[in-house]
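Structure assessment
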Protein chains: 2
Amino acid sequence: MDETKKTSRRAFLRGSAAVAAGSVAGTAAANGPDPLITELQDWASYTGAGVDETPYGLPIRFEQHVVRRNVEWLTASPISSINFTPIHALDGTITPQGCAFERHHSGAIELAKEDYRLMINGLVDRPLVFTYEDIERFPRENHVYFCECAANTGMEWAGAQLNGAQFTHGMIHNMEYTGVPLRTLLNEAGLGSAGELSDKWVYVEGADASSNGRSIPMEKALDDVLVAFKANGEALRMEHGYPVRLVVPGWEGNMWVKWLRRIEVVDRAVESREETSKYTDVYEDGTARKWTWVMDAKSVITSPSPQMPIPHGAGPLVISGLAWSGHGKITRVDVSKDGGITWQTARLGRQGEAKALTRFYLDTEWDGVPMLLQSRAIDETGYVQPTKAQLREKRGENAVYHNNCIQTWFVNAEGIAENVEVS
Amino acid sequence: MDETKKTSRRAFLRGSAAVAAGSVAGTAAANGPDPLITELQDWASYTGAGVDETPYGLPIRFEQHVVRRNVEWLTASPISSINFTPIHALDGTITPQGCAFERHHSGAIELAKEDYRLMINGLVDRPLVFTYEDIERFPRENHVYFCECAANTGMEWAGAQLNGAQFTHGMIHNMEYTGVPLRTLLNEAGLGSAGELSDKWVYVEGADASSNGRSIPMEKALDDVLVAFKANGEALRMEHGYPVRLVVPGWEGNMWVKWLRRIEVVDRAVESREETSKYTDVYEDGTARKWTWVMDAKSVITSPSPQMPIPHGAGPLVISGLAWSGHGKITRVDVSKDGGITWQTARLGRQGEAKALTRFYLDTEWDGVPMLLQSRAIDETGYVQPTKAQLREKRGENAVYHNNCIQTWFVNAEGIAENVEVS
């Protein structure tokens, strides 16, 4: 046990925080008795709320700021098509469905289970249509995976722009999915007559007006893709694709087709709108990079951050954040307080499965001096999260997608954080 | 690959379920074209809902039956003090906070973070009072644990009584908690002057009117107990103890004190109301067993079950359920279709940490013959979940707590399930 640190932490707590045990413990209290301790409170005097009132509960009213939010200038239409998870206010790794970001291309649709159909056609031995009930009859699996929009952090290419982890990094969520492996359904339709599978693709589309069609190489389709119907134990929410969505672990979120309607086995990529006009990465020289499916290793400090100032002065401080990689597990996260000059290895909190969010903590003492906070994720392939400068060398400043650069928060002496760049 | 099974599954799907791919695939369709495939649907024609409408989302209206429910005759008062998780309708392992069962002794109270105080006193070197902010300054951890009420399945001692897994086994939930280990806070207050720790206890109480005080042996307090402030990523819900509750992994739910207000280090158990008049186990001969903290290995089939009939006839069927043990990990679950005469080993779905729910599946073919479905959990200590007859030998029929017996569902030829007992 680190006695020095322990003493320091204790000294701090006794010196400045609301430690007024005096009247109770029989020693002198510096600030006088704390009425919250010495007086009988209403909540200890009367019966509280009954459970009948909450068949499906919501957060307590004191937490009403912990909600999905959008950025008005990002969406000109009266209804927004994107919002952001309040990652700054969350901890652990699971994202509740109620505040998990949503993105749609033509609105969230209401599709009842009895109206649901999933077709598998194209180069299969036997085209099939499944009802929702049919899908529940195949062996299913449970996995926790992150889903990140390719455009997450996309507004930050040209400079530090949005002042909050929710807005710079909140197009991500992490849930426990239950579903049937896509390979199970493909095998049910039969791939025997498709010939060599390594050059085949599946084209997946949703039942909404956009259809949001995307091509997925057969190798991935037969690997870990799920046809999912539950998230965090319960049915998918409408905005997350009820009753069935595709889960494409580690790959960009727009491929996780919601309200999944059709899977066609094809002999080449379809080159749909969503993989030509959109979701390709334009380089500074004007060339475009396509098929950038995997979300590379990335991390962000969620607290402190612009929406989460340090609520106290110097002393013990927990710096916390999230790390993830579409290539597998996170093996290490480093944290810098000086804009990347020196680094300390963070403690990994709960590490989920591969391709799931990992929580990290740096338990530290803050001396009250301003900080340039950064985090840097390293995944099991050895890949190290790059700086923004390193990314810009290849991608320029006008890119949109796949910005996995190291994020910097400037924290001033008052504990207020701000989105900044370091050169 | 088991070709027999595959053919059987496929034959089934083409023969009886709504597989009407004919008009699309160019082969004859037995039931004629399916308008859900051949006609343009409204949801594919118009823009759906925008995201502005759902800052904090709720389940889609089609899932409004998946809510906490109570049993009216269990609670005579106008407001119920217990309700049940809809485990029959969930899958995977995580329980969403919104439908996680609640139990209180004097109502759920509204306690703001700024009004929160946690006192540690008694045989400590230095009594301390922590604000909510103070607690967030200590190193925290994340763990998934189940929380089961000691009275779960308590109405079933004298016979098969409640017709649904939600009511027989729904006083349980499983969440990812974030909190500070209790030992960290105890060490902060200092245990040096308490003397020999092995015979010491902590007495924990809540800020509600009942205070719900319980004694916990110091060995457990210094092991894996958490002072928790987040569940499934977000703040605890009011009814789950906002802003801070105790998490006592593997031990009965009433010890997971909500709205945690005080922790006193004491040299013997307090013998409070909640551990004498309540939460002791009366044997048939009138003697009482106390300090029955650990929830022994247990399991239940959640689907099919009385609230979840088989929605189709014979053919492929996924039998699914939950298993858990307060002693550690679940190593095996067996499923019987004939009331315990023959058993098949189930496939474990997602297995969480020790003292967390494990999902199990039996992927089977149902021949349409009535079944007596049972599941039997085995944990890492080698303990095997007992039959109700085995439990009754010691406990009689008038017990309330710690009923971890094997549950039987009778499933008739129509797929309707009912709570029954087998001799």
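Residues numbered from 1 in each chain as written. Chains lettered and ligands numbered in written order. Predicted model: local features only at pLDDT ≥ 70, side-chain atom pairs only at ≥ 80, totals over all residues.

Quick look at the relation of the copies chain A and chain B now. For these two chains of identical sequence, chain A goes onto chain B by a turn of 180 degrees and a shift of 0.0 Å along the axis, with RMSD 0.0 Å. Taken together, these values place the two copies in the relation of a two-fold axis. Every residue of chain A has its C-alpha some distance from the rotation axis, and the shortest such distance is that of Pro96 of chain A, at 3.6 Å. The residues that chain A uses at the interface reappear at the interface of chain B in 100% of cases, marking a shared surface. (Least-squares fit on C-alpha atoms with pLDDT ≥ 70 in both. Contact = placed C-beta atoms within 7 Å.)

It is worth spelling out helix H6 (residues 182-189) of chain B at this point. All names here are of chain B. Of the residues making up H6, those classed as buried are Leu182, Leu185, Leu186, Glu188 and Ala189. In a view along the axis of H6, the buried residues occupy a sector of 155 degrees, so they form one face of it. Phi turns positive, to about 90 degrees, at Gly190, one or two residues after H6. (Buried ≥ 20, exposed ≤ 12 C-beta atoms within 10 Å, placed from the backbone. Helix = DSSP H or I, 4+ residues; strand = E, 2+ residues; numbered from the N terminus. Arc of directions from axis to C-beta.)

All names here are of chain A. The strand order E13-E14-E18-E17 describes an open sheet built from four strands, whose pairing is antiparallel. Two strands in the sheet have a free side with no partner beyond their single neighbour: strand E13 (298-303) and strand E17 (347-351). Taking the axes of each pair of neighbouring strands and ignoring which way they run, one obtains an average angle of 30 degrees across the sheet. Where strand E14 (residues 315-324) meets strand E18 (residues 358-366), nine bridges bridge the pair, whose relative direction is antiparallel. Within the sheet, the bridge partner assigned to Gly321 lies in E18 and is Phe360. (Pairing = 2+ DSSP bridges. Axes fitted to C-alpha atoms, helices over the stretch in contact; angles between N-to-C directions.)

Further remarks concern the domain arrangement of chain A. Where the parts come together, the accessible area they lose is often given as the size of the interface. Residue and element names in this part refer to chain A. According to the domain assignment, chain A consists of domain 1 (3-44), domain 2 (72-289) and domain 3 (298-420). Taking only C-alpha atoms, the centre of domain 2 and the centre of domain 3 are 27 Å apart. Across the contact, 34 residues belong to domain 2 and 34 residues belong to domain 3. If you list the elements that add at least two residues to the side of domain 2 that touches domain 3, you get strand E3 (141-148), helix H5 (165-169) and strand E11 (281-282). Partitioning the side of domain 2 that touches domain 3 into residue classes produces 17 nonpolar, 13 polar and four charged. (Domains from an automatic or database assignment. Nonpolar A, V, L, I, M, F, W, Y, C, P; charged D, E, K, R; others polar.)

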